[in-house]
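Now for the letters of each chain:
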Amino acid sequence: MLLEGPCGGGKTSLALECAHRLPAARWISCWPQKDHLDASGTLPLFVDHIECLKRPEEWLAWCAQQLYETGIVAISDRRLRLPEGARVQRLLLDERARVSDLPEQCQLLSLPLPPQLLTQLDWVRQLDDRFLLREQAGWLSLHPDLATRPSPDQSKQALKMLQTVEQTPIWAEVVFQHLRALGDWAGALELFRSHHSILQQRGEFQRIIRMTGALLDHDPRLGLAHFAQAEARAALGQLEQALADLDNVLLWADPGLRLRALASRCHLRLDLGQPQAAAEDAQASLELSDKLGGRQPARIKACNGLARVHNLRGQAREGEIWGRRALELAQACGDAKGEAYSFFILGQSLAEQELWQDSLSQCQSGFQLARQQGEVRLTLIARYWMGAALLQLGRSAWAEELLEQSHGEARLFGDLKMLALGELMMAQLRLAQNRKDCAHQHLSAAEELVKRCGYPLLAIRSLLLKQSLQAEPEWGERARLLAEQVGLVLPGARSLEVWSGGQCRRLPEAAVTALRAAREEFDLWIDLEQNTAWVRTRGPLQLLSKKIPTRILLSLMRQPGRAHSAEALFAAGWDHPFEGESSAAQVRKNVARLRNLLGAETILVRDHSFAHGGGYYFNEAVSYCLIQA
């Protein structure tokens, strides 16, 4: 049997329980590397971490063919591609394994052997000291889940031995733990700095959180640890905690890491259904990038963030423009990861415009690049959108093959968002094939995952699929209400841009109709679609017939409290260049006209000299609503 599942899922503990019930069983850990294992005899054999062998698939296939009288349970943290015809029963764990009451010694260790059995087995002595350390009472595992805390001498000896073995994810954590035991925090931080990107690519999110937790216990102001922990927590669906970690990065880290945190927070807020806050983070990231000399990776991520903002607001054409801008930047600076993600975002924008063949082409390009870079998450995302495009193009057989393969890999990768998206895509596939029972099973699994990870975008998609599956309008109405709450637009729905208090939301037409009925709740109401203006104290206005004052007012209303210079307002109101004092006089004249119409308290002046950030600004105390088509 091959027992597979993500790191930390309980595979080893479950196997240890089985081994405990078979007193004659042998337990072997392949960690960190061993080319050949002696599996002779008739005893049950438990082999852990076979993914660390040089050729695990070949070894397992050989065992299945040759060792007929030896029962083998092999354990792997990643899904293996076995040769066709291999006699192997596979068991995939995508949740924590349920482990019943274990004896005390089995609870303390997860690898490689219960200490009381080691000295009784002659074959154990054939393992060299790279795997075990000798103690007076028996043997001590080099694995971080130690039965007893190692002494400083043992940690030094372990570090010396570990210099000669392969640097796997387990190796990184083991070395980290021994450096931590020696109080070498500088070495532990440098080790984590050099390995955390690889750990993230391999889906080792729990391992990252354990290591960053130890670093932050030592120094709560380590920006890198907060940033890595945020990315790991986001992958595990802990979105609010991830947001708090990114806030800490912005508080403690250097400007370069703050720039990365702003770009990451933009995408996290999009996942949380906060497009306006995400847009602000993206703009702040672009501004900080300019101050730091135009750092391209952050600019690429910010442009892709703005593309996603427009896509979620139903402005797919604008999303395509930002996506192409991000792609050009990535290609110009040779950022392969950024290029792969830009291809995917561009494909998403094209899909929102129902340009399915173009979307498929862009996602295929992103998939190839992501695969070359070893970016599992980007590979999965690209495959999902490729599957969606293939379904729309009527190529269901290709879509099925692609989505089933991705679904299995997502279950091993351990990213909750990818798991939930995979279940939703499988439900959509089965629904297209009219296999409603299978679609219902996948949708139920998706709903459970969405509850755990709290992504409103996936919740909306789940409700829409449920409406299609059950033909009940109630679910569509729930999706509409949820989209309305987070300022998103459902596919095919007409929407309007609504500004209020400096915040912009894209609302469906029905919500805007309800908003118009509450016009009297605002001090100032501007409705560009219906060409109307209204002030609480003065009633309807003919303001919109005057083009230049209206342009100036709209520019001020979109950023209440922010001072605008005469030159900036002239650029907003007129179609020709600013010409010094004569142009400034034109601005003063039109601002005075606006103040006469709306009230002197609506538009205020900060610093009459207009030096050091002074200028005209819209009073934040004035409640207003601005509706644009």
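None of the values given here were measured: they were computed from a predicted structure. (Residues numbered from 1 in each chain as written. Predicted model: local features only at pLDDT ≥ 70, side-chain atom pairs only at ≥ 80, totals over all residues. Heavy atoms only, no water.)

Caption draft 1: Summary view of the confidence of the model for the protein. In the predicted model, the protein carries a mean pLDDT of 77, and 77% of its residues have values of at least 70. Scored below 50 in pLDDT, residues 31-36 shows 27 contacts in the model against residues more than four places distant or in partner chains. Contacts of residues 94-148 to residues separated by more than four positions or lying in other chains number 110 contacts, the stretch itself having pLDDT below 50. (pLDDT = per-residue confidence, 0-100. Contact = heavy atoms within 4.5 Å.)

Caption draft 2: Looking closely at the packing of aromatic side chains. Considering all chains together, one arrives at 6 aromatic pairs under this definition. Seen from their ring centres, Tyr341 and Phe344 are 5.6 Å apart, and the 50° between their planes marks the pair as tilted. Placement of the pair is Tyr341 and Phe344 together in helix 15 (residues 336-352), with a separation of 3 residues, close to one helical turn. Per residue, the accessibility class of Tyr341 equals that of Phe344, and both read buried. Between the aromatic rings of Phe570 and Trp574, the centroid separation amounts to 4.5 Å while the plane-to-plane angle is 10°, which identifies the pairing as stacked. (Phe/Tyr/Trp six-rings, centres within 6.5 Å; stacked < 30°, edge-to-face > 60°. Helix = DSSP H or I, 4+ residues; strand = E, 2+ residues; numbered from the N terminus. Buried < 20%, exposed > 50% of the residue type's maximum accessible area, 1.4 Å probe, protein only.)

Caption draft 3: Up close: the pattern of salt bridges. Across all of its chains, the model carries 25 salt bridges by this definition. Here Glu190 ties to Arg193 by a salt bridge, and the two come within 3.7 Å at their closest N and O atoms. Pair noted here: Glu190 and Arg193 are both in helix 7 (residues 185-201), with a separation of 3 residues, about one helical turn. Among the residues examined, Glu190 registers a relative accessible area of 47% and is labelled partly exposed. Across the salt bridge formed by Glu320 and Arg324, the nearest N and O atoms sit 3.0 Å from each other. (Salt bridge = Lys/Arg side-chain N within 4 Å of Asp/Glu carboxyl O.)

Caption draft 4: Geometry of the nonpolar core. The biggest cluster of nonpolar side chains holds 108 residues, and the ones touching the most others in it are Val175, Phe176, Phe192, Leu215, Leu268, Tyr384 and Leu458. Per-element accounting of this core gives the leading share, 11 residues, to helix 17 (residues 376-392). Leu524, Phe570, Trp574 and Leu594 belong to the second-largest nonpolar core, a separate cluster that totals 29 residues. (Core = buried A, V, L, I, M, F, W, Y, C linked by side-chain atoms within 4.5 Å.)

Caption draft 5: Broad picture of the environment of Ala427. Examined against the element boundaries, Ala427 turns out to sit in helix 19 (residues 416-432). Exposure remark for Ala427: the relative accessible area of 3% places this residue in the buried category. Along the sequence, Ala427 and Gln441 sit 14 residues apart, while their C-alpha atoms lie 7.7 Å from each other.

Caption draft 6: Here's a closer look at unusual backbone geometry. Of note, Glu354 is a non-glycine position whose phi angle comes to about 60°, a positive value. Given the relative accessible area of 60%, Glu354 is considered exposed. Backbone geometry at Asn531 places phi at a positive 60°, although glycine is not the residue there. Take Asn531: it is sitting in the loop between strand 10 (524-527) and strand 11 (532-535). Given the relative accessible area of 54%, Asn531 is considered exposed.

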